[in-house]
Amino acid sequence: MTKEMIKVTNLQKSFGNLHVLKGVNLTITEKEVVVIIGPSGSGKSTLLRCMNYLEEPTGGSVVIDGIPLTNDANINEVRKEVGMVFQRFNLFPHMTVLENLMLAPMKVRGIIKSEAEATAKMYLEKVGLADKANTYPEQLSGGQQQRVAIARALCMKPKALLFDEPTSALDPEMINEVLDVMKSLAHEGMTMAVVTHEMGFAREVGDRVVFVDGGVILEEGTPDDIFFHAKEERTRSFLSKIL
Amino acid sequence: MDLNFDLIASSFPLLLAGAAITVEITALSVGFGLLIGCMVGIARLCNVKPLRYLANIYVDFIRGTPLLVQIFLVYFALPGITGSRVDPFFAAISACSINSGAYIAEIFRAGIQSIDKGQMEAGRSLGMSWAQTMRYIIMPQAFKRIIPPLGNEFIAMLKDSSLVSVIGFEELTRRGQLIIARTYASFEIWMCVALIYLVMVFMVARLVAMLERKFDTK
């Protein structure tokens, strides 16, 4: 049996009176790429953010690679192993690209500087930005910043990566450079959960597509199932509006 | 009216020596205030409730009472509890530091809160603790933004330190009072005192502007 990397059980999340997640069950196995789609306000970003406890669920459980998230100690432990890429990049503006990549491996994993630098340069090379090591984030385009953010997450050698609408803040001509990096990660067997509106990406690299609406998973299946043979009327109407 | 220039010339060195003491009190108070303010500012944002309440009480009390009363509390009221006389220098520095600390705490809090919350999330998502993220990511960015309000606080303290003259501590204002008590030359001396404060404030303002530019280039 394949290993369960992320297991979400009966996940609930409320913001005050607003009930955003109403019992979500989702299991992502090792090397699987799961694309989470759905209308805005459906709870898909909240679901993703609950997976590393950036948002604390109000009920249910999250288990990452066998470790249940229960207290601060194992939350930090799990966050080391699960990288996150944000819509707005969230690079550290007061540090160079290289420093952005080296900080967490050195402070969290205790890796020595020379090793952290070598790893950082390797991943910068991988995202095609080896020549930008010593620039500051604000000097880069949005697409370049997002590729740096992906490299920064990779430097922690995570077991899984969460992507929260990674291309939504980008100019259209920069979307592909980011998607290409994500595709190559998927092909190399990275476990990924991706919230996105890029249906082309979902069809091409998604092993499974999950449609979230009204705080629950309404339907899930292979990209082919969802895009061409959706059972739910709600799924079909959503897809017809964005495809 | 005739200005007594001889008196101005002979008093000026005394006043300048007083001004040096004013700068000393201000620098020490804002220095200690920075330490207090940094800790209290962070305490006001942390999720340990007792710590947050204590910090809030401190800031509310200091901001809600006049500095003059705080100086009296330390200099006149404290000996009533401890039983021993308080040294004026100690009273001046501690009252001003505690006062400055509360205002600087607010400056730190506002500076930290002005940093996009995505920065904290990015730090935490990489496995860094709250304290590590504060230290390596939030504070360096916040510090840049709090330089101008810190400059204002320094200028305010430079002028407010004149209040410690009431406990007989001989800084610039007290020196002026003492010279006038001897010579009755109110106009000349108060004009000199005012001028010296003005020049000091002007220099500090320029220094802060320079610092701002220095940190802005990166």
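Residues numbered from 1 in each chain as written. Chains lettered and ligands numbered in written order. Predicted model: local features only at pLDDT ≥ 70, side-chain atom pairs only at ≥ 80, totals over all residues. Heavy atoms only, no water.

Asker: What should I look at first to understand the overall build of chain B in this one?
Answerer: The number of helices and strands found in chain B is eight helices and zero strands. Going from N to C terminus, chain B has its helices and strands arranged as α-α-α-α-α-α-α-α. Per-residue burial over chain B gives 46% buried out of 218 residues. Counting only contacts in chain B whose residues sit at least 6 apart along the sequence, the fraction spanning at least 24 positions is 75%. Carbon and sulfur atoms make up 68% of the accessible area of chain B, which totals about 11400 Å². Side-chain charges in chain B split into 19 positive and 15 negative, and the spacing between the mean points of these groups amounts to 12 Å. (Helix = DSSP H or I, 4+ residues; strand = E, 2+ residues; numbered from the N terminus. Buried < 20%, exposed > 50% of the residue type's maximum accessible area, 1.4 Å probe, protein only. Contact = heavy atoms within 4.5 Å. Areas by Shrake-Rupley, 256 points an atom, 1.4 Å probe, with all protein chains shown as cover. Lys, Arg positive; Asp, Glu negative; His and termini not counted. Charge placed at Lys NZ, Arg CZ, Asp CG, Glu CD.)

Asker: How should I be thinking about a nonpolar patch on the surface in this particular structure?
Answerer: All names here are of chain B. The grouping of Leu 195, Leu 198, Val 199, Phe 202 and Met 203 at the surface amounts to a nonpolar patch, some 520 Å² of accessible area in total. Along the chain, the position of Met 203 falls in helix α8 (residues 186-216). Overall, Met 203 belongs to the exposed group, its relative accessible area being 52%. (Patch = residues over 30% accessible without salt bridge, like charges linked within 9 Å, V, L, I, M, F, W, Y side chains within 5 Å. Salt bridge = Lys/Arg side-chain N within 4 Å of Asp/Glu carboxyl O.)

Asker: Help me understand the interface of chain A and chain B, please; the structure alone is not making it clear to me.
Answerer: How big an interface is tends to be reported as the loss of accessible area on association of its parts. Taken together, the contacts link 23 residues of chain A with 18 residues of chain B. Taken together, the connections running from chain A to chain B amount to one salt bridge. Put simply, chain A and chain B have eight residue pairs in polar contact (both at pLDDT 80 or more) between them. Tallied by class, residues from the side of chain A that touches chain B come to 14 nonpolar, four polar and five charged. (Polar contact = N/O pair within 3.5 Å; in protein donor to acceptor, adjacent residues only side chain to side chain. Nonpolar A, V, L, I, M, F, W, Y, C, P; charged D, E, K, R; others polar.)

Asker: What is the right way to look at the nonpolar core in this model?
Answerer: Soluble globular proteins: nonpolar side chains tend toward being buried together. Residue and element names in this part refer to chain A. Among the nonpolar cores identified, the biggest contains 71 residues, and Ile 6, Leu 26, Ile 36, Leu 47 and Met 51 are the most heavily contacted of them. Ignoring sequence-local partners within four residues, the contact set of Leu 47 consists of Val 8, Leu 11, Leu 21, Val 24, Leu 26, Ile 36 and Val 212. Residues Val 33, Val 127, Leu 154 and Val 178 belong to the second largest nonpolar core, which totals 49 residues. (Core = buried A, V, L, I, M, F, W, Y, C linked by side-chain atoms within 4.5 Å.)

Asker: Quick question: what am I supposed to make of the sheet that holds strand β9 (residues 208-213) of chain A here?
Answerer: Within a sheet, each strand pairs with its neighbour through backbone hydrogen bonds, oriented either parallel or antiparallel. Residue and element names in this part refer to chain A. Across the sheet, which stays open at both edges, the six strands sit in the order β6-β7-β8-β3-β9-β10 with mixed pairing between neighbours. The two strands at the open ends of the sheet, each matched to only one other strand, are β6 (82-85) and β10 (216-221). Averaged over all adjacent pairs, the angle separating strand axes in this sheet is 20°, with direction ignored. Looking at chain direction, β9 and β10 are connected through five bridges and run antiparallel. Looking at β10, one finds that Val 209 is bridged to Gly 221. Here helix α2 (residues 72-81) sits on the sheet and contacts β6 and β7 (160-164); the angle it forms with β6, its principal contact strand, is near 70°. Sheet strands touched by helix α6 (residues 172-187): β3 (33-37), β7 and β8 (191-195). Its angle to β8, the strand with the most contacts, is close to 145°. (Pairing = 2+ DSSP bridges. Axes fitted to C-alpha atoms, helices over the stretch in contact; angles between N-to-C directions.)

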